[in-house]
Amino acid sequence: MSNTMKSFQVEAFVLRLRPLGEADRILHLFSRERGKLHAVAKGVRRPRSKFGARLDLFSRTQLTIHAARSLPIITAARQVGNAWERMVDPDAFAACSYAAEVVDALCEPDLPVSDLFDLFAELQDALLAGARPDALLPAFDLRALGALGFSPELDACTRCGAPLGKRPLAHGRARLSPDGGGLICERCYQAERTQAAPSGIFNVSARELALLRDLRCTALREAAEANLPAALLHRLARTTHAFVEFNMGRSSRALKAAAGRQ
């Protein structure tokens, strides 16, 4: 097989970095063409590395990769779009860290998910444009879950399948269960209570439920421009993060780090 046949090109985000030896790094990448993959950047930790900031955390880069015997090796890198080093706001960095963690945890290697790649790019562009990070993450969560086939059921009871309207429960409240996959109607909830107290239930208002339904297909810029109150965004994110963490099978390290910083 020729060297040309062993090489391929991808457009990718750098999700995570790991040191290798004295001067190299292993990069966890998320590409449009091949999904999640790992590759080695030779000499990237040296001060005069030819790659420079093009392979920094969260950078978006056009890469040429050589399929070596063990890990693939990056042989060329060209930055795409805005320079990520312009991002200095800690909240924006924390939001991108969380998004990268979600992609890394939920995506299978070598499985392209073009909608998720575009969503990550959309998030980065919105952050670079100065959008509030807390206004972006609920929509990011729901659209990321949808792109991966994990979208929570927000229109019908996940237990019995009964369609639920704008005010599915008494007093305008709705119950959502990450473990159950979405909405639980009053009858199913009460039936479960007779056996054991349901765990991980989120009570949301009619307005919050309506917003969650809308955010499943809302552009991130539009979500930011809605100017929702911070307290409301916090409640929405608390719910959407729970669905993401359930599918991850663990708590988010990025969210814990951000909470510890506050």
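Look up a bit, the structure's there.
Residues numbered from 1 in each chain as written. Predicted model: local features only at pLDDT ≥ 70, side-chain atom pairs only at ≥ 80, totals over all residues. Heavy atoms only, no water.

Caption draft 1: Broad picture of the side chain of Glu-101. Turning to its location among the elements, Glu-101 is positioned in helix α2 (residues 90-106). Glu-101 gets classed as buried once you look at its relative accessible area, which sits at 11%. A distance of 2.9 Å separates a polar side-chain atom of Glu-101 from the backbone nitrogen of Arg-253. Reaching out from Glu-101, the side chain makes a polar contact with the backbone nitrogen of Ala-254 at a distance of 3.1 Å. Once you skip the residues sitting within four places of it in the chain, Glu-101 turns out to touch Met-248, Arg-250, Ser-251, Ser-252, Arg-253 and Ala-254. (Helix = DSSP H or I, 4+ residues; strand = E, 2+ residues; numbered from the N terminus. Buried < 20%, exposed > 50% of the residue type's maximum accessible area, 1.4 Å probe, protein only. Polar contact = N/O pair within 3.5 Å; in protein donor to acceptor, adjacent residues only side chain to side chain. Contact = heavy atoms within 4.5 Å.)

Caption draft 2: Structural view of the pattern of salt bridges. Taken as a whole, this structure holds 12 salt bridges when the rule is applied. We note a salt bridge from Asp-24 to Lys-42, for which the minimum N-O separation is 3.9 Å. With Asp-24 in strand β2 (residues 24-31) and Lys-42 in the loop between β3 (35-41) and β4 (60-66), this residue pair connects regions lying 18 residues apart in the sequence. In this structure Asp-24 comes out as buried when scored by relative accessible area, which is 15%. Taking the shortest distance from any N to any O, the salt bridge between Glu-101 and Arg-250 comes out at 2.6 Å. With Glu-101 in helix α2 and Arg-250 in the loop between α8 (230-248) and α9 (253-261), this pair connects stretches of sequence that are 149 residues apart. A single network of salt bridges, built from pairs that share partners, joins Arg-16, Lys-36 and Asp-104. (Salt bridge = Lys/Arg side-chain N within 4 Å of Asp/Glu carboxyl O.)

Caption draft 3: Local environment of the packing of helix α6 (residues 206-215) against α8. At a minimum axis separation of 11 Å, α6 and α8 run at an interaxial angle of 65°. Relative to α8, α6 is oriented so that their crossing is right-handed. Together, Arg-207, Glu-208, Leu-211, Leu-212 and Leu-215 of α6 and Leu-232, Arg-235, Leu-236, Thr-239 and Thr-240 of α8 make up the contact between the two elements. Grouping the constituent residues of the contact of α6 with α8 by class yields five nonpolar, two polar and three charged. (Axes fitted to C-alpha atoms, helices over the stretch in contact; angles between N-to-C directions. Left-handed = near helix turned anticlockwise from the far one by under 90°. Nonpolar A, V, L, I, M, F, W, Y, C, P; charged D, E, K, R; others polar.)

Caption draft 4: Quick peek at unusual backbone geometry. Positioned with a positive phi, Phe-58 is a non-glycine residue whose angle comes to about 70°. The topology assignment puts Phe-58 in the loop between β3 and β4. The phi dihedral of Asn-227 falls on the positive side, at around 55°, and the residue is not glycine. Relative to the helices and strands, Asn-227 resides in the loop between α7 (220-225) and α8. On the basis of relative accessible area, Asn-227 is assigned to the exposed category, the value being 58%.

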